[in-house]
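Observations on chain architecture
These are the residues of each chain, in order.
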Amino acid sequence: FKNNKIILTFVALFVIFISYLLLPTFYNQPDISEKLKSELKSKFDLDFKFTQDIKYNFFPSPHFTTEESVIFKEKNKISDIRKLKIYISFNNFFSSNNIDIQDLVVENANFDLNRNNYNFFIQLLQKNFQDRKFTIKDSNIFFRNMDNEVLFISKILKTKYYYEPKELKNIFYTESEIFNIPFSMELFIKENKSKI
C-alpha cells in the first residue's frame, strides 16, 4: 500500500508538472506574438516580424518556434530567417505577460549588410547577455554595395553571443567561411564598454 501511495504521488506530481509546462500552448496567438516582439526589442534592440504562427514546445526546454520571420533594425530589413527558436524561463507560465526570454536561436538566415549597417554584429555585442544567449546557425551574410549588388558572401556555421561572468565580459564567437576558407573569430567587450 505504501509503494502504491509513493507511485501515485509521483505520477500526480509528474502530471501536474507536465500540465504546467503545457500552459503556454493555450496562450492567445496575437498576444504571445506581441509579447515576444516586445521582449526581443527590449533585450536585443531588434524588431522582429513573424509571418507565420508561433508554435510552442516544451522539449528539451520550453521554447517557441516560428518560421519565415524577419529582423528589422531602424526600419531597415537586416535578415530573413527560415527558423527562429525563442527559449523562455520556467518562472511563471500562468500568464503570457510573465514571459522572460532566456535564449534566442536563429537558423538558416540570410543577413544583408551594406555600408550603413555593416557593424550590425558588433552593435549586438554591446547588449546585455548576462542572463541570455544569442546563437546563429547555418546562415549567410551577403555584403552588398550601395547599388545592392553582392560583393561577397560569408557563411556562418555557428555564431554565439554570451556573457563570461569570471571575466565580466560579453563574448562574440563565430565559426564561419569566406571564399570557402574556414575561420573562427572571437570578440569581446568588457562591462565598462570602453573597448572591443
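Right, let's walk through the structure included here. (Residues numbered from 1 in each chain as written. Predicted model: local features only at pLDDT ≥ 70, side-chain atom pairs only at ≥ 80, totals over all residues. Heavy atoms only, no water.)

1. A closer look at the overall build of the protein
Heads up, the rule is: A run of H or I in DSSP becomes a helix once it reaches four residues, and a run of E becomes a strand once it reaches two; helices and strands are each numbered from the N terminus. Burial here depends on accessible area, computed with a 1.4 Å probe over protein chains only, as a share of the maximum for the residue type. Under 20% is buried, over 50% is exposed, and the range in between is partly exposed. Residue contacts are counted whenever heavy atoms from the two residues lie within 4.5 Å of one another.
Counting its secondary structure elements, the protein contains three helices and nine strands. Along the chain direction, N to C, the helices and strands of the protein fall in the order α-α-β-β-β-β-β-α-β-β-β-β. If one aligns the C-alpha atoms of the protein with their principal axes, the spans along those axes are about 75 × 40 × 35 Å. Here the protein holds 196 residues, and 36% of them are scored as buried. Nonlocal contacts in the protein, meaning residues at least 24 apart in sequence, comprise 50% of its contacts between residues at least 6 apart.

2. What to know about the packing of aromatic side chains
To describe a pair of aromatic rings, you give the distance between the ring centres and the angle between the ring planes. So the rule is basically this: Here is the rule: rings of Phe, Tyr and Trp (six-membered ring for Trp) pair when centre to centre is within 6.5 Å. Planes less than 30 degrees apart are stacked, more than 60 are edge-to-face, and the remainder are tilted. A positively charged side chain is recorded as over a ring if its NZ (Lys) or CZ (Arg) lies within 6 Å of the ring centre. The angle to the ring normal must also be within 35 degrees.
Here the structure, examined in full by the defined rule, presents twelve aromatic pairs. For the pair phenylalanine 134 and tyrosine 161, a centre-to-centre distance of 5.7 Å together with 15° between the ring planes defines the contact as stacked. With phenylalanine 134 in strand β6 (residues 133–144) and tyrosine 161 in strand β7 (residues 150–164), this pair connects stretches of sequence that are 27 residues apart. The pair phenylalanine 134 / tyrosine 161 is uniform in exposure class, with both members buried. A ring pair is formed by phenylalanine 152 and phenylalanine 179, whose centres lie 6.0 Å apart and whose planes are at 45°; its orientation type is tilted. Of this pair, phenylalanine 152 sits in strand β7 while phenylalanine 179 sits in the loop between β8 (169–178) and β9 (181–190), and the two are 27 residues apart along the sequence. The residue whose ring lies beneath lysine 160 is tyrosine 162, and the NZ or CZ to ring-centre distance is 5.7 Å. The ring of phenylalanine 188 is capped by lysine 169, whose NZ or CZ atom sits 3.7 Å from the centre of that ring.

3. Considering the nonpolar core
Where we set the bar: Among buried residues, those of type Ala, Val, Leu, Ile, Met, Phe, Trp, Tyr and Cys that are joined through side-chain atoms within 4.5 Å constitute a nonpolar core.
By size, the foremost hydrophobic cluster in this structure holds 40 residues, and its most contacted members are Leu36, Phe48, Phe64, Phe111, Phe121 and Phe134. Ranked by the residues each element gives to this core, the list is headed by strand β5 (residues 101–113), at six residues. Leave out the neighbours within four places in its chain, and phenylalanine 121 touches Phe111, Leu113, Ile136, Ile141, Ile156 and Tyr161.

4. Let's talk about the environment of serine 61
Its place among the elements puts serine 61 in the loop between β2 (55–57) and β3 (63–73). The spacing of serine 61 and isoleucine 32 is 29 residues in sequence and 18 Å in space, taken between C-alpha atoms.

5. Remarks on the pairing of β8
To keep it simple, the criterion reads: Here, any two strands with at least 2 DSSP bridges between them count as paired.
Sheet analysis places β7 next to β8, joined by ten bridges and oriented antiparallel. Within β8, the residue paired with lysine 155 across the bridge is glutamate 177. Turn length for the β7-β8 hairpin, with the two strands adjacent in sequence and antiparallel, is four residues, and the turn residue leucine 168 shows positive phi of about 55°. Counting the residues that bridge the hairpin from β8 to β9 gives two residues, and of these phenylalanine 179 lies at a positive phi of roughly 50°.

6. Focus on the side chain of asparagine 117
With respect to the element layout, asparagine 117 can be found in the loop between β5 and α3 (120–124). Among the residues examined, asparagine 117 registers a relative accessible area of 14% and is labelled buried. Ignoring anything within four residues of it in the chain, the contact list for asparagine 117 reads Ile78 and Asp112.

7. Some words on a nonpolar patch on the surface
Here is the rule we go by: Patches in this entry comprise residues that are over 30% relatively accessible and not in a salt bridge; like charges within 9 Å are linked, as are nonpolar side chains (Val, Leu, Ile, Met, Phe, Trp, Tyr) within 5 Å. In this description, accessible areas are obtained by the Shrake-Rupley approach with a 1.4 Å probe, and a residue is regarded as covered only by the protein chains that are shown. Take a side-chain nitrogen of Lys or Arg and a carboxyl oxygen of Asp or Glu: if they are within 4 Å of each other, that pair is a salt bridge.
On the surface, Ile7, Phe10, Val11, Phe14 and Val15 cluster together into a nonpolar patch covering about 510 Å² of accessible area. Its location among the elements puts phenylalanine 10 in helix α1 (residues 2–22).

8. What about unusual backbone geometry?
Cis geometry is adopted by the peptide bond preceding proline 60, which originates at phenylalanine 59 and carries an omega value of 0°. As for its position among the elements, proline 60 is in the loop between β2 and β3. Even without being a glycine, phenylalanine 179 presents a positive backbone phi close to 50°.

9. Structural notes on helix α2 (residues 29–44)
Note the threshold: By this rule the span expected of a helix is its residue count minus one, scaled by 1.5 Å. An arc is given here, and it is the one of the directions from the helix axis to the C-beta atoms.
Its 16 residues give α2 an end-to-end C-alpha distance of 22 Å, which sits within 8% of 22 Å, the value for a rise of 1.5 Å per residue. Within the span of α2, buried status applies to Ile32, Ser33, Lys35, Leu36, Glu39, Leu40, Lys43 and Phe44. For α2, the angular spread of buried residues about the axis comes to 165°, placing them on one side. On its buried side, α2 packs onto β1 (47–50), β3, β4 (76–88), β5, α3 and β6. Downstream of α2 by one or two residues, aspartate 45 has phi in the positive range, about 55°.

Any functional reading would require information that these geometric values do not contain.
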